[in-house]
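# Residue-level structure breakdown
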Amino acid sequence: MKDVTELFLALVKISSPSKQERAVADYIKDYLSRYSELTIVEDDTGEKIGGTSGNVIVQLPGKGSKLLFDAHMDTVSPCQQVNPQIEHGIVRSDGTTVLGADDKSGDALMLALIDRLLLKDTYPSITFLFTVCEEESLQGAKQLDPSYLQKIDFAYVLDGEGPLGTAVVKTPHGCKGTLRIIGKEAHAGVCPEKGINALAVAAEAITRLPMGRVDEETTCNIGVVKGGSATNVVMGEIEMQFEARSFDRQKLEKLIEQVKTEFQMVCQKHGATFEETLSYGTPGYTIDEQDEIILPFKRACEKNGISYQGAACGGGSNANVYRMRGMNAVNLSTNMKNIHSVDESIAAADLEMMLEALVSLVGEFVD
């Protein structure tokens, strides 16, 4: 049995970009193979998405409530040859890669929690789900066979930012896809008037829209732009990758209709063609802070001297997928910081404290 920091250090040293989680999955299965009480299954998600590993589903039978704990095995790049450093109790990479606390902190906590629970006489029935490809549109959770989630009462996802004690109680709805304007190419130095500059058309449409921070609940962005063939050719086509988010679904739908309408009107004005592939993603959620999934976590925090707080998050997690499927799910913080960057870090003491909080949380469901 290893302590949670040892487990975390071992996990982050294993490279696991999205769809290449094989080595991490093998580590987890090998580590847990000593326990006859567990049922360990790997599903076929890897085959479905072109990855090297499926989701690892670990089931611990018990009495009373049925819980789910979730963390994902993949990390963003750069994540090759992570070299973790510990200074003054803070774990970082050597600055050339991400650390991988997102979300190997969650993986380590679940392994350590299993170790702790199997020292006890009683515990609820728990499914521990180690998912693949979370960083690419939550594909692992989306591909999971729903039969593994039958009769789950509460799902706790260990993949949040913020101080220990943070529950993500509000996440946005989102819509993203491609905006394409098809104009007409012409020689830019000989007969530019015969062309329809797709970039100029796009620029006019964009100036008619609220971009960036639309209001306190809503954002709108064009993040990638591609177009043109040569400097002496009027740009005949431009393709833009668009996304918008809002905590209010109706606001988002109104914004998306505005985007489509403005682009269509400007294109018609200039004789260009507008095409789009916008689609709504996994729904956001709002959880009341007196919800029955939150109250046990509040009590567990209090028992361990941790201040609870509910927070809004601008992104989604596997909790969104589970809530979309009708489960009562929430994302909890492990206090990882500066994720998706080479400055990512986490405190060893926070891993240990969060483990104690999770042991207490499980204890809330023991009859």
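Everything here concerns the structure above.
Notes on the structure in this doc start here. Remember, it's a predicted structure, so these values are computed and weren't measured experimentally.

### Brief notes about the overall build of the protein chain
Check the secondary structure of the protein chain and you find ten helices and 18 strands. Counting only C-alpha atoms, the protein chain reaches 80 × 45 × 40 Å along its principal axes. As presented, the protein chain carries roughly 16,000 Å² of accessible surface, and 47% of it is formed by carbon and sulfur atoms. When the 35 positive and 53 negative side-chain charges of the protein chain are each reduced to one mean point, those points stand 3 Å apart.

### Remarks on the side chain of Asp70
Topologically, Asp70 is positioned in strand E3 (residues 66–72). Buried and unpaired, Asp70 has no salt bridge, with Arg325 as the nearest side chain of opposite charge at 9.7 Å.

### With respect to helix H2 (residues 22–32)
For H2, the set of buried residues is Val24, Ala25, Tyr27, Ile28, Tyr31 and Leu32. Down the axis of H2, the buried side of the element spans an arc of 160°, and every buried residue falls inside it. Each element contacted by the buried residues of H2 is listed here: helix H1 (4–12), strand E1 (39–42), strand E2 (56–60), helix H4 (101–117) and strand E6 (125–131).

### Topic: the sheet that holds strand E4 (residues 85–87)
Strands sit in the order E4-E5-E18 across an open sheet of three strands; the sheet is antiparallel. What marks the edges here is a single partner per strand, and that holds for E4 and strand E18 (345–347). Strand-to-strand twist of the sheet, defined as the mean angle between neighbouring strand axes without regard to direction, takes the value 25°.

### A word on the pairing of E2
Counting buried residues along E2, four of its five residues qualify, which places the element largely inside the surrounding structure. Where E1 lies against E2, four bridges are found, and the strand directions are antiparallel. Residue pairing for E2: Ile40 is matched across the bridge by Val58. With five bridges connecting them, E2 and E6 associate as antiparallel partners. In the sheet register, Val56 faces E6, and the bridge partner there is Phe130.

### Details of the pairing of strand E17 (residues 329–336)
By the criterion of burial, E17 is predominantly enclosed, with eight of the eight residues buried. Going residue by residue along E17, you find Ala329, Asn331, Ser333 and Asn335 tucked away on one face and Val330, Leu332, Thr334 and Met336 tucked away on the opposite face as well. Here strand E7 (residues 154–161) runs beside E17; their pairing, made up of six bridges, is parallel. For Glu161, the partnering residue across the bridge sits in E17 and is Met336.

### A look at the nonpolar core
Core analysis: the biggest nonpolar cluster contains 86 residues, and Phe69 and Phe128 have the highest contact counts within it. The leading source of residues in this core is H4, at nine residues. Every residue in contact with Phe69, bar those within four places of it in the chain, is listed here: Met110, Leu113, Ile126, Thr127, Phe128, Leu129, Tyr156, Leu158, Leu358, Leu361 and Val362. Of all hydrophobic cores here, the second largest spans 26 residues; its members include Ala198, Ile256, Val259 and Cys267.

### So, unusual backbone geometry
Glycine aside, residues mostly have negative phi angles, and peptide bonds mostly take the trans form. Note that the residue after Ser77, namely Pro78, is joined by a cis bond; omega there is 0°. If you trace the backbone, Pro78 turns up in the loop between E3 and E4. The step from Asp102 to Asp103 runs through a cis peptide bond, and the omega angle for that step is 10°. As for its placement among the helices and strands, Asp103 is situated in helix H4. Look at Lys151: it is not a glycine, yet its phi comes out positive at around 65°.

### What to know about the pattern of salt bridges
Under the defined criterion, the tally for this structure stands at 19 salt bridges. Among the salt bridges present, the one from Arg22 reaches Glu42, with a minimum N-O distance of 2.6 Å. Remark: Glu42 occurs in strand E1 and Arg22 occurs in helix H2; sequence separation between them is 20 residues. The partly exposed category is assigned to Glu42, whose relative accessible area is 26%. Its salt-bridge partner being Arg208, residue Glu262 comes within 2.7 Å of it at the nearest N-O pair. Taken as a pair, Glu262 in helix H7 (residues 249–270) and Arg208 in the loop between helix H6 (198–207) and strand E10 (212–215) lie far apart in primary sequence, 54 residues in all. Within the structure, one salt-bridge network assembled from shared partners comprises Lys170, Asp215, Glu216, Glu217 and Lys251.

Cut-offs used in this document
- Residues numbered from 1 in each chain as written.
- Predicted model: local features only at pLDDT ≥ 70, side-chain atom pairs only at ≥ 80, totals over all residues.
- Heavy atoms only, no water.
- Helix = DSSP H or I, 4+ residues; strand = E, 2+ residues; numbered from the N terminus.
- Areas by Shrake-Rupley, 256 points an atom, 1.4 Å probe, with all protein chains shown as cover.
- Lys, Arg positive; Asp, Glu negative; His and termini not counted.
- Charge placed at Lys NZ, Arg CZ, Asp CG, Glu CD.
- Buried < 20%, exposed > 50% of the residue type's maximum accessible area, 1.4 Å probe, protein only.
- Salt bridge = Lys/Arg side-chain N within 4 Å of Asp/Glu carboxyl O.
- Arc of directions from axis to C-beta.
- Contact = heavy atoms within 4.5 Å.
- Pairing = 2+ DSSP bridges.
- Axes fitted to C-alpha atoms, helices over the stretch in contact; angles between N-to-C directions.
- Core = buried A, V, L, I, M, F, W, Y, C linked by side-chain atoms within 4.5 Å.

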